[in-house]
Amino acid sequence: MRSIFSYLWKIINGTRKVILNLVFFLILAVFLVSLFSGEDPIEVPENGILVLNPNGMLVEEKTWVDPFSQFLNEAMGSSDDIPEVLLSDVVDSIEKAKTDERIGALYLNLQNLYPSGLNKLQAVAEALDDFRTSGKPIISNADYYDQHQYYLAAHADQLYLNPMGGVVFEGLDYTQLYFKDLLDKLKVQPQVFKVGKFKAAVEPFIRNDMSDEAREANEFLYSALWDSFRTDVTAARNINPLVTSGKVDDYMSAFNSANGDMAKMALETNMVDALRTRTEVRNELINLAGYDKEEDTFRHITYDNYLATEMEVPESLQPTDRSQIAVVVARGQIVNGSQKAGMIGGDSTAKLIREARNNKQTKAIVLRIDSPGGSAFASEIIRQEILQAKEAGIPVVASMSTVAASGGYWIAADADKIVAAPTTITGSIGVFGLLMTLEDSLAAIGVHSDTVSTTEIQGLNPLEEMTDYQKKLVQSSVEATYEDFLTIVSKARNMSRDDVHEVAQGRIWTGKQAMERGLVDQLGDFDDSVAAAAELAAIDDYDVKIVQQELSSKEQFFANMFNSSSEYLPVPSVGGEAQHWLMGTLNKVKSETAVLQNFNDPKNVYSYCALCLQPR
């Protein structure tokens, strides 16, 4: 028997060594190829077409990923994460191409664009409209348009669709997963403490469906967002109201009129200008820009390569005496401690604000927020740093992106000015406490715990049932934090406590609705926020500087090595293709439950908007 196990171990260990060696030599080979291979410089073709082909979700800041892990995922084609595209990259490429005489037209290839925040789509749409004033045409083509892709395509001069394709207008909806029955089966006891009848972040753990209050808030919010979406699209194109009314009878009337042909229906309702095959569109683009023999297609450059042709000014040559408006991006869930980009750490984000404050060239700070909130303690740490900047005479503008709710509003409240997009999701001024105790789960499998303490005041132990005084302690802490939140907003917004409470209680608002209720000062985008900061600082001549976390020398080395090496890997053909329904459902469960692992507030008190659109 011993010899059998010894033999099996040798097989397992040998297999392990083979796999490790293969991975090692793969990395080594790709690295050596990237090291010794000469790269041809990227050139912009004369009268070429700029291809806008974003692959992923539009974001304010990319999530930090360990370079080695990212390399392995790309090498094995096994990455589960949704790819991310910097909104600023997309907008910058359009703005540069407008005045670039080498660019003759813009081609929208939106097949791989993932659903993104409405305000981000609006920013791209505004850049497209501005591009059209140059007289250069915008052409869009797709096999099939999802509604978020169509939102941008509607701004094209020529909008084409594959004869076998279609355009879908489904409206906006929100689906929440609920885990009460699952927790019951696992005998996990959710300990919930909250303030505010609309603070529904804890509902997934104590219910199997939406409460009436949550449904009311969601319907109010999403109806306003859909009205904005529909208004924008119909302003860009004179679409037949039958397909935008949202009524089944209207939609079926247009559908039946086209004999059940979705592409024909899109053409007849003026959603598209013409039905074209891929070959027909390709030939049209070749006629417009010329033929690239080497690539066997029309003369073009993709937007990411186009941006790469812009030479950066070396830091040593950059002027150091110009006034600066510092931009600090706060994107993701707010978590206690230090976090990498893509998450908001109380310590790390406060440090970025402090760095901006200590820079003599900083005349104003723009805090760009894209967050559903999180730890109340971490939110307060960031707010305190904002107060320090104001005391130093540096004005602060809170610039709200897709989401700035709960803790996201907490960190915005004391800014000298709050600027939100009309479609920003904000508010959700409320607080809750959430703990999971496992005493029944462990007992069910024969595991028990017992504790010895030198006092009657025992700390919270997830292995044991909460005592009455512990429950009272947490509930009182939640109520006190809510009062703190009301006081912060009351003083910052010059409102009475009762007036703030009236629009708080966890209620979610759009930016436009929030402005009507005194929670926002101005409706606008990022550029408007920078202009507001310059006005507050009384400066006309300035640079905009994004303050980012610096990588350690080790992180920078591996980032440079693996980023250059990944260029030589085969590109997986996944893009924005429809995900299998089962994997999509499993990933949704994974993402919603993963939020719990970031709940690390020292008092277990959170200001988090679970019902808001997540800024991932």
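Residues numbered from 1 in each chain as written. Predicted model: local features only at pLDDT ≥ 70, side-chain atom pairs only at ≥ 80, totals over all residues. Heavy atoms only, no water.

1. Regarding the sheet that holds strand S11 (residues 300-302)
- Read from one edge to the other, the open sheet built from six strands follows the order S8-S6-S5-S4-S1-S11, with strand pairing classed as parallel. In this open sheet, the two strands that pair with only one neighbour each are strand S8 (274-275) and S11.
- In the packing of helix H4 (residues 118-132) onto the sheet, contacts are made with strand S4 (103-108) and strand S5 (138-142), and the angle to S4 comes to roughly 145 degrees. (Pairing = 2+ DSSP bridges. Helix = DSSP H or I, 4+ residues; strand = E, 2+ residues; numbered from the N terminus. Contact = heavy atoms within 4.5 Å. Axes fitted to C-alpha atoms, helices over the stretch in contact; angles between N-to-C directions.)

2. Examining unusual backbone geometry
- Of note, Ser 406 is a non-glycine position whose phi angle comes to about 55 degrees, a positive value.
- Along the polypeptide, Ser 406 turns up in the loop between strand S17 (396-405) and helix H15 (407-410).
- Of the residues examined, Ser 406 reaches a relative accessible area of 0% and is grouped as buried.
- Positive phi outside glycine occurs at Ser 428, with the angle close to 55 degrees.
- Topologically, Ser 428 is positioned in the loop between strand S19 (425-427) and strand S20 (431-437).
- Classification of Ser 428 as buried rests on a relative accessible area of 1%. (Buried < 20%, exposed > 50% of the residue type's maximum accessible area, 1.4 Å probe, protein only.)

3. Here we look at the pattern of salt bridges
- As enumerated under the stated definition, the model contains 24 salt bridges in all.
- For the salt bridge of Lys 98 with Asp 130, the shortest nitrogen-to-oxygen distance reads 3.1 Å. With Lys 98 in helix H3 (residues 87-99) and Asp 130 in helix H4, this pair connects stretches of sequence that are 32 residues apart.
- Among the salt bridges present, the one from Arg 207 reaches Asp 209, with a minimum N-O distance of 2.9 Å.
- Overall, the relative accessible area of 42% leaves Asp 209 in the partly exposed class.
- Among the ionic contacts, a cluster of salt bridges with common partners joins Arg 322, Asp 541 and Asp 543. (Salt bridge = Lys/Arg side-chain N within 4 Å of Asp/Glu carboxyl O.)

4. A word on a nonpolar patch on the surface
- Among the surface-exposed residues, Ile 457, Tyr 469 and Leu 473 lie close enough to one another that they form a single nonpolar patch of about 330 Å² accessible area.
- Take Leu 473: it is sitting in helix H17 (residues 468-493). (Patch = residues over 30% accessible without salt bridge, like charges linked within 9 Å, V, L, I, M, F, W, Y side chains within 5 Å. Areas by Shrake-Rupley, 256 points an atom, 1.4 Å probe, with all protein chains shown as cover.)

5. A closer look at the confidence of the model for the protein
- When pLDDT is averaged along the protein, the result is 83, and 79% of the positions lie at 70 or above.
- When pLDDT is averaged over each helix and strand of the protein, the minimum, 50, is found for helix H21 (residues 553-565) and the maximum, 98, for strand S18 (residues 417-420).
- Note on residues 564-579: pLDDT under 50 across the span, and 27 contacts to partners over four residues away in sequence or across chains. (pLDDT = per-residue confidence, 0-100.)

6. Let's talk about helix H20 (residues 526-537)
- Compared with an ideal rise of 1.5 Å per residue, which puts 12 residues at 16 Å, H20 spans 17 Å between its outermost C-alpha atoms and is within 8% of the ideal.
- By the burial criterion, the buried members of H20 are Ser 529, Val 530, Ala 532, Ala 533, Ala 534 and Ala 537.
- The inward-facing, buried residues of H20 contact strand S12 (323-331), strand S15 (362-371), S17, S18, strand S22 (522-523) and strand S23 (542-546).
- Its side-chain oxygen 3.2 Å from the backbone nitrogen of Asp 527, Asp 525 forms the N-cap of H20.
- Downstream of H20 by a residue or two, Ala 538 has a phi angle that is positive, lying close to 55 degrees. (Expected span 1.5 Å × (residues − 1). Polar contact = N/O pair within 3.5 Å; in protein donor to acceptor, adjacent residues only side chain to side chain.)

7. Description of H3
- Of all the positions in H3, only Leu 87, Val 90, Val 91, Ser 93, Ile 94 and Ala 97 are classed as buried. Around the axis of H3, the buried residues are gathered within 160 degrees of arc, so they sit on the same side.
- Each element contacted by the buried residues of H3 is listed here: strand S1 (48-52), strand S2 (57-59), strand S3 (84-86), S4, H4 and helix H12 (303-308). (Arc of directions from axis to C-beta.)

8. Re the packing of H3 against H4
- In contact at an axis separation of 9 Å, H3 and H4 are set at 5 degrees when each is read in the N-to-C sense. What the angle tells us is that H3 and H4 run roughly parallel. Contacts between H3 and H4 involve Leu 87, Val 90, Val 91, Ile 94, Ala 97 and Lys 98 from the first element and Lys 120, Ala 123, Val 124, Ala 127, Leu 128, Asp 130 and Phe 131 from the second.
- Of the residues contributing to the contact of H3 with H4, the split by class is 10 nonpolar, no polar and three charged. (Parallel < 35°, antiparallel > 145°, perpendicular 65-115°, else oblique. Nonpolar A, V, L, I, M, F, W, Y, C, P; charged D, E, K, R; others polar.)

9. Quick notes on the packing of aromatic side chains
- Counted according to the given criterion, the structure contains 11 aromatic pairs.
- Measuring from ring centre to ring centre gives 6.4 Å for Phe 169 and Phe 229, while their planes differ by 80 degrees; the resulting arrangement is edge-to-face. Within this pair, whereas Phe 169 is found in the loop between strand S6 (158-161) and helix H6 (180-186), its partner Phe 229 is found in helix H8 (residues 212-236), the two being separated by 60 residues in sequence. For the pair Phe 169 and Phe 229, one class covers both residues: buried. (Phe/Tyr/Trp six-rings, centres within 6.5 Å; stacked < 30°, edge-to-face > 60°.)

10. Quick word on the nonpolar core
- Among the nonpolar cores identified, the biggest contains 52 residues, and Tyr 409 and Leu 519 are the most heavily contacted of them.
- If one sorts the elements of this core by residue count, H17 sits on top with seven residues.
- Counting residues in hydrophobic clusters, the runner-up holds 51 residues, among them Val 91, Ile 94, Tyr 151 and Ala 156. (Core = buried A, V, L, I, M, F, W, Y, C linked by side-chain atoms within 4.5 Å.)

11. Some remarks on a negative patch on the surface
- A cluster of acidic residues, Glu 95, Glu 126, Asp 129, Asp 527 and Asp 528, forms a negative patch on the protein surface.
- Elements that contribute at least two residues to the negative patch include exactly H4 and H20. (Lys, Arg positive; Asp, Glu negative; His and termini not counted. Charge placed at Lys NZ, Arg CZ, Asp CG, Glu CD.)

12. Here's the deal with empty space enclosed by the protein
- Applying the stated criterion across every chain, the model contains two cavities of 30 Å³ or more.
- Here the largest cavity is characterised by a volume of approximately 60 Å³.
- In terms of lining, the largest cavity is formed by 13 residues, of which the most central are Glu 61, Val 329, Met 343, Thr 349 and Gln 549.
- If you list the elements that add at least two residues to the lining of the largest cavity, you get S12 and helix H13 (346-358).
- Within the lining of the largest cavity, the residues separate by chemical class into six nonpolar, four polar and three charged. (1 Å grid on protein atoms, 1.4 Å probe; cavity = no way out; pocket = protein on both sides within 12 Å on 5 of 7 lines; lining within 4 Å. Points joined across faces, edges and corners; volume = space filled by probe spheres on them.)

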